[in-house]
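# Observations on the three-dimensional arrangement
One-letter residues, chain by chain:
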Amino acid sequence: MPQDNDERRIFQRKSMDVPGTLMLSGVNGPPMSGSIVNVSIGGFLFNQAMDVPQGVRGTLRLDGTDIDVLIEVVGRSEQGTHLRVTEDDQSLTQLAAESDIVASLLLPIIYPEE
């Protein structure tokens, strides 16, 4: 449940530090290396603030995997670039099956302690 009046999420964010690479469609330059610093149901915070508009789509690949998670930029803050997993993407299930780290990070969000 939300922790305060400003928090609209049903599920809390889970802090983490997992390196990865963000590749955005239509953005010039090389892929951006950084880390996922928190995760919630359907979204991530990438610790590199990128000057791109909301709605830009791309892929996120966590280091040590070969699975591209389809994402969309939903915002930017001092903490980084806010991403959501696109509705048509099934890669999180694949990613959790392949990576013990991802599975252990997602399970507490999906099945929170009472």
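Everything here concerns the structure above.
What you see is a predicted model; the values in this text were computed from it and never measured.

Time to look at the pairing of strand β4 (residues 57-62). Note: strand β1 (residues 14-24) against β4, five bridges, orientation antiparallel. Bridging from a neighbouring strand, Met23 pairs with Thr59 of β4. Examined bridge by bridge, β4 and strand β5 (residues 69-77) share four bridges and lie antiparallel to one another. Bridge pairing links Leu60 to Val69 in β5. Between β4 and the antiparallel strand that follows it, β5, lie six residues; Gly64 among them carries a positive phi value of about 85 degrees.

Assignment of secondary structure puts Thr59 in strand β4. The residues contacting Thr59, other than those within four sequence positions of it, are Thr21, Leu22, Met23, Asp68, Val69, Leu70 and Ile71.

Pairing of side chains with opposite charge becomes possible as their charged atoms draw close. Taken as a whole and assessed by the stated rule, the structure comprises four salt bridges. Its salt-bridge partner being Asp51, residue Arg76 comes within 3.5 Å of it at the nearest N-O pair. Taken together, the residues Arg76 in strand β5 and Asp51 in the loop between β3 (43-46) and β4 connect sequence positions 25 residues apart. As a salt-bridge pair, Arg57 and Glu72 come within 3.4 Å of each other at their nearest N and O atoms.

Before going further, it helps to examine the side chain of Glu72. Assignment of secondary structure puts Glu72 in strand β5. Residue classification places Glu72 among the buried residues on the basis of a relative accessible area of 14%. Of the polar contacts made by the side chain of Glu72, one reaches the side chain of Arg84; its length is 2.6 Å. What Glu72 contacts, discounting residues up to four positions off in sequence, is Gly55, Val56, Arg57, His82, Leu83, Arg84 and Thr86.

Leu22, Leu24, Ile36, Phe44, Leu60, Ile71 and Leu83 are the most contacted members of the largest nonpolar core, which totals 18 residues. Dropping the residues within four chain positions of it, Ile71 is found in contact with Leu22, Leu24, Val56, Arg57, Gly58, Thr59, Leu60, Leu83, Arg84, Val85 and Thr86.

About the criteria used
Residues numbered from 1 in each chain as written. Predicted model: local features only at pLDDT ≥ 70, side-chain atom pairs only at ≥ 80, totals over all residues. Heavy atoms only, no water. Pairing = 2+ DSSP bridges. Helix = DSSP H or I, 4+ residues; strand = E, 2+ residues; numbered from the N terminus. Contact = heavy atoms within 4.5 Å. Salt bridge = Lys/Arg side-chain N within 4 Å of Asp/Glu carboxyl O. Buried < 20%, exposed > 50% of the residue type's maximum accessible area, 1.4 Å probe, protein only. Polar contact = N/O pair within 3.5 Å; in protein donor to acceptor, adjacent residues only side chain to side chain. Core = buried A, V, L, I, M, F, W, Y, C linked by side-chain atoms within 4.5 Å.

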